[in-house]
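# Coordinate inspection notes
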Amino acid sequence: VTRRRSCACYAAEIGSEFILFDVGFGAMRRLVESGMDHTQIDRVILSHLHPDHINDLIPLVMALNFTPGFRREKDLILMGPPGFTSFYAEWARLMGEWALHPESFSIHLIDLAPGTTPMGRWTLLTRPMNHSRAANGYRIETPVGSLAYSGDTGPDDQVVELFKTVDFGILECSFPDSNGTDGHLTPSEAGKLAERAGCKRLLLTHFYPPMDQVNAVEQVEMHYRGWVRKAEDFMQISFPLSEPLNSRDVRRADPRAD
Ligand SMILES: [Zn+2]
Ligand SMILES: [Zn+2]
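In this text, all values refer to a predicted model and were calculated from it rather than measured experimentally.

## Points about the overall build of the chain
When helices and strands are counted, the chain shows seven helices and 14 strands. In terms of C-alpha radius of gyration, the chain reaches 18 Å, essentially the compact-globule figure of 18 Å for 258 residues. Overall, the C-alpha framework of the chain stretches about 55 × 35 × 35 Å when taken along its three principal axes. Evaluated residue by residue, the chain yields a buried proportion of 52% over its 258 residues. Total accessible area computed for the chain in this model is approximately 12,100 Å², and 51% of it derives from carbon and sulfur atoms. Averaging the locations of the 26 positively and 34 negatively charged side chains of the chain gives two centres separated by 4 Å.

The structure is reproduced here in structure tokens:
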């Protein structure tokens, strides 16, 4: 987290479904600032159980429970890597009965093992990533295109599988080439994986502060031939994507001032 960047959270609207991938600390604040209605979230899909990816989950459930004048009735589905269900049950037990059994709606907890999960009009693919604890990467297949999200990972063939010819890939890129570490990617590693996968467009994310001191895009482009940018808070991507991408496909929504 820096003044400019909050922790991991990616909102996806697929038809009438409103989904969050990860909900790290600062995510609730950013959702409200973005003008999105967090009370309407249907599903939260967590990559792994590190605080920068899950911390605002309880604040979200709290908001759905206790916002005066609002009564949530539709179910809330919470999905995560193997071990998530028991983790959440324990966390909720410490918080209070409301966190597991809200008064006006039901929470469904689901562990996602590697594989394919049909979701009606779209499909969720789950792959294990290479990180310091159980971590999933995800890919959405929809009638208007495909999108992959790595969560946190080091270099791994599973990343190549997940990003194989994907229309839009959101790939972690935590540390500069000069300062790489296990379980995370540098720009050169990210570029090589994206090139091997034939990923069509690449968005770099999950920057530790030193990443804003280096030209990550230039370093990636030494290994990867596709479109590549750094993620910014409030960035919006609309499918189907144009070729080449234009300002309608990828834009930055100004946060609401009020
Ligand atoms: Zn992590
Ligand atoms: Zn992380």
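Once the structure has been displayed, the description carries forward.
## What about the coordination of the zinc ion (ligand 1)?
Only His-48 (NE2), His-50 (ND1), His-131 (NE2) and Asp-152 (OD) from the protein reach the zinc ion (ligand 1) as donors, at distances of 2.2 to 2.4 Å. Because the angles between the four donor atoms bound to the zinc ion (ligand 1) fall within 90 to 172°, the donor set is best described as irregular. Between the two metal centres, the zinc ion (ligand 1) and the zinc ion (ligand 2), the spacing is 3.4 Å, with Asp-152 acting as a shared donor. A single burial state applies to His-48 and to His-50, both of which are buried.

## A short note on the coordination of the zinc ion (ligand 2)
Surrounding the zinc ion (ligand 2) are the protein donor atoms Asp-52 (OD), His-53 (NE2), Asp-152 (OD) and His-206 (NE2), which sit 2.1 to 2.2 Å from the metal. Geometry at the zinc ion (ligand 2) is irregular, judged from the four donor atoms that bind it and their angles of 93 to 162° at the metal. Sequence positions of the residues that donate to the zinc ion (ligand 2) give the spacing D-H-x98-D-x53-H. Owing to a relative accessible area of 17%, Asp-52 belongs among the buried residues under this scheme.

Calculation notes
- Residues numbered from 1 in each chain as written.
- Chains lettered and ligands numbered in written order.
- Predicted model: local features only at pLDDT ≥ 70, side-chain atom pairs only at ≥ 80, totals over all residues.
- Heavy atoms only, no water.
- Helix = DSSP H or I, 4+ residues; strand = E, 2+ residues; numbered from the N terminus.
- Rg over C-alpha atoms; globule rule 2.2 N^0.38 Å.
- Buried < 20%, exposed > 50% of the residue type's maximum accessible area, 1.4 Å probe, protein only.
- Areas by Shrake-Rupley, 256 points an atom, 1.4 Å probe, with all protein chains shown as cover.
- Lys, Arg positive; Asp, Glu negative; His and termini not counted.
- Charge placed at Lys NZ, Arg CZ, Asp CG, Glu CD.
- Donors = N, O, S within 2.8 Å, 3.2 Å for Na, K, Ca; no water.
- Tetrahedral: all angles 85-135°; square planar, octahedral: opposite > 155°, others 65-115°.

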